[in-house]
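Take a look at the letters that make up each chain.
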Amino acid sequence: MKVGCAVVAAGKGTRAGLGYNKALYSLGGRSVLRRTLDALAGSGLIHQIALVMNPDDEAVFREECARLGEPALLKAIVPGGATRRESAYHGLKALDADTDIALIHDAARPFVNMQIIQNVINDAAQYGSGVISCPVTDTIKRIDERGEAVQTVDRAVLRSVQTPQAFAYSRILRAHEEWPGDDAATDDAYLYEKRWGSVHLSSAPGAEKNKKLTTGEDMRMASMHFAPRLRIGTGYDVHRLVEGRRLILCGVDIPHDKGLLGHSDADVALHALMDAMLGAAALGDIGKLFPDSDEQYRGISSIELLKRVSAALSEKGYRLNNCDITIVCQRPKLAPHIVRMRQNIADALKVDMEQISVKATTTEHLGFEGEMLGISAQAVALLETVGE
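Throughout what follows, the structure given in this document is the object of discussion. (Residues numbered from 1 in each chain as written. Predicted model: local features only at pLDDT ≥ 70, side-chain atom pairs only at ≥ 80, totals over all residues. Heavy atoms only, no water.)

## Quick look at a nonpolar patch on the surface
Then, number 1: Judged by side-chain polarity, Tyr236, Val238, Phe368 and Leu373 come together as a nonpolar surface patch covering roughly 340 Å² of accessible area.
Then, number 2: For Val238, the location among the structural elements is in strand S12 (residues 230-242). (Patch = residues over 30% accessible without salt bridge, like charges linked within 9 Å, V, L, I, M, F, W, Y side chains within 5 Å. Areas by Shrake-Rupley, 256 points an atom, 1.4 Å probe, with all protein chains shown as cover. Salt bridge = Lys/Arg side-chain N within 4 Å of Asp/Glu carboxyl O. Helix = DSSP H or I, 4+ residues; strand = E, 2+ residues; numbered from the N terminus.)

Below you can see the structure in the form of structure tokens.
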């Protein structure tokens, strides 16, 4: 079964008050259009996409589509018509003639999920049509010409419909081709009803969230949904200075007459950083993940451990936003090594060096650091959720 999708994005964003096409509005670093296309492509159920655009937006739309994870999915980018119905028709005509099921979807609905897409396709295959819908939860009043309520409508028999709307391709194409144009067609299901009879309404978990972004307030609410969630953690560690050990700080082997004592390479700065990152994600500490009773960690590079911590955070949906490390050390002077330290951490975490701060300070010969008995380090790490 070959499934195509016409994505309608030919508007100008007038009601949203943007001054540009609302499909290009950024939600958490990705445009509405990108999020919608990614959701459709990510379902793995659609074989090709025809994007309907406003001709004024062609250059930027082509740039957005170039980032589509499956370039082969994009069949065509076509100009819209004078009405929403005409735009949908242009998209449908751009799909391959041997398409079995056609979906029409508003680009301004980035909350569409795989279950919605699956259900409307299945229903269209079985019934000829599948239109995602939701029960009406508000009380509905019918009004007269003066705007006064004259009847309360039974909401149990009402449904609000959305997109995607799926149909047998030949039928919805014919409904468009034969449309007389003497009535307002608010959606493609209306055309199908007029030409073929009743439309099958589909349901799916998450359909109530599949809102069309129309107003400026819709945009602001959607931005809040897609904004990265932030979590902060702190870390602190101490290691004793002893003879016969190398001094490793942030993966840099620093010339000195003493080194730090520990089960691993005793990189006190990275240990503090890892504890901060793990704490932000509520995943414990490095002693829990890498116990000093386990021989596999004897002498191991803390850079390697940092990579493993990063992988563990990634599995939980987190990545580092930025971090700040303070190393407390009387001797040796660390300033010449700071840039290499930052770069080592950035490389291990696959982030920009600008996201990594490393500072060094002394205690004016006070405390165990000032007496050169050991080195301590403190770290703060800010995590963010990986793209929703």
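## What to know about the packing of helix H5 (residues 169-177) against helix H6 (residues 188-196)
Then, number 1: Two elements in contact, H5 and H6, have axes separated by 9 Å at closest approach and are oriented at 90°. Between H5 and H6, the angle falls in the class roughly perpendicular. Across the interface between the two elements, Arg171, Ile172, Arg174, Ala175 and His176 of H5 pack against Asp188, Leu191, Tyr192, Arg195 and Trp196 of H6. (Axes fitted to C-alpha atoms, helices over the stretch in contact; angles between N-to-C directions. Parallel < 35°, antiparallel > 145°, perpendicular 65-115°, else oblique. Contact = heavy atoms within 4.5 Å.)

## Looking at the pairing of strand S16 (residues 318-328)
Note on strand geometry: in a regular strand, side chains alternate between the two faces of the sheet.
Then, number 1: In terms of strand pairing, S16 meets strand S18 (residues 374-385) through 10 bridges, oriented antiparallel. Note that in S18 the partner of Asn322 across the bridge is Leu382.
Then, number 2: For S16 and strand S17 (residues 356-361), the ladder comprises 6 bridges, and the chain directions are parallel. What sits directly across from Cys323, in S17, is Ile356.
Then, number 3: Note on the crossover from S16 through helix H11 (residues 338-349) to S17: the handedness is right-handed. (Pairing = 2+ DSSP bridges. Right-handed = clockwise from strand over helix to strand, strands pointing away.)

## Details of the environment of Ala168
Then, number 1: Structurally, Ala168 is set in strand S10 (residues 159-168).
Then, number 2: A relative accessible area of 18% places Ala168 in the buried class.
Then, number 3: On a C-alpha basis, the gap between Ala168 and Val153 in space is 32 Å, while along the polypeptide they are 15 residues apart.
Then, number 4: Those residues in contact with Ala168 that lie beyond four places of it in its chain are Asp100, Ile101 and Gly128. (Buried < 20%, exposed > 50% of the residue type's maximum accessible area, 1.4 Å probe, protein only.)

## Let's talk about the pattern of salt bridges
Then, number 1: In the structure shown here, the tally under the stated rule is 20 salt bridges.
Then, number 2: Among the salt bridges present, the one from Arg146 reaches Glu148, with a minimum N-O distance of 3.6 Å.
Then, number 3: What makes Glu148 partly exposed here is its relative accessible area of 43%.
Then, number 4: A salt bridge links Lys359 to Asp324, with the nearest nitrogen and oxygen atoms 2.8 Å apart. Here the residue Lys359 occupies a position in strand S17, and Asp324 occupies one in strand S16, the gap between them amounting to 35 residues.
Then, number 5: Residue Lys359 is classed as partly exposed on the basis of its relative accessible area of 35%.
Then, number 6: Among the residues examined, Asp324 registers a relative accessible area of 29% and is labelled partly exposed.
Then, number 7: Sharing partners across several salt bridges, the network here consists of Lys2, Lys75, Asp96 and Asp98.

## Observations regarding the side chain of His271
Then, number 1: With respect to the helices and strands, the residue His271 is situated in helix H8 (residues 268-280).
Then, number 2: Polar contacts involving the side chain of His271 include one to the side chain of Asp237, which spans 3.2 Å.
Then, number 3: Each residue touching His271, except ones within four places of it in the same chain, is listed here: Asp237, His239, Ser264, Asp265, Ala266, Ile286 and Ser302. (Polar contact = N/O pair within 3.5 Å; in protein donor to acceptor, adjacent residues only side chain to side chain.)

## Things to note about the pairing of strand S7 (residues 129-135)
Then, number 1: In terms of burial, S7 is largely enclosed, as 6 of its 7 residues are buried.
Then, number 2: Summarising the sheet, S7 and S10 pair through 6 bridges and their orientation is antiparallel. Among the inter-strand pairings, Ser129 is bridged to a residue of S10, identified as Phe167.
Then, number 3: Examined bridge by bridge, S7 and strand S11 (residues 201-202) share 2 bridges and lie parallel to one another. Looking at S11, one finds that Ile132 is bridged to Ser202.

## Here we look at the packing of H8 against helix H10 (residues 302-315)
Then, number 1: Where H8 contacts H10, the two axes come as close as 10 Å, and the packing angle between them is 5°. On the basis of the axis angle, H8 is roughly parallel to H10. Counted together, Leu270, His271, Leu273, Met274, Met277 and Leu278 of H8 and Ser302, Ile303, Leu305, Leu306, Val309 and Leu313 of H10 form the full contact between these two elements.
Then, number 2: Looking at the contact of H8 with H10, its residues break down into 10 nonpolar, 2 polar and no charged. (Nonpolar A, V, L, I, M, F, W, Y, C, P; charged D, E, K, R; others polar.)

## Considerations on the environment of Glu384
Then, number 1: Along the chain, Glu384 turns up in strand S18.
Then, number 2: Sequence spacing of Glu384 and Ile232 is 152 residues, and the spatial spacing of their C-alpha atoms is 8.9 Å.
Then, number 3: When residues no more than four places from it in sequence are discounted, the contact partners of Glu384 are Pro228, Arg229, Leu230, Gly317, Tyr318, Arg319 and Asn321.
Then, number 4: Among the polar contacts listed, one links the side chain of Glu384 to the side chain of Asn321, at a separation of 2.9 Å.

## Notes on the sheet that holds S10
Then, number 1: The sheet built from 7 strands is open, its strands ordered S5-S4-S1-S6-S10-S7-S11 with mixed pairing. Both edges of this open sheet fall to strand S5 (74-79) and S11, since each of them pairs with a single strand only.
Then, number 2: Note that strand S6 (residues 101-106) and S10 share 4 bridges and pair antiparallel. Residue pairing in the sheet places Leu103 in a bridge with Ala166 of S10.

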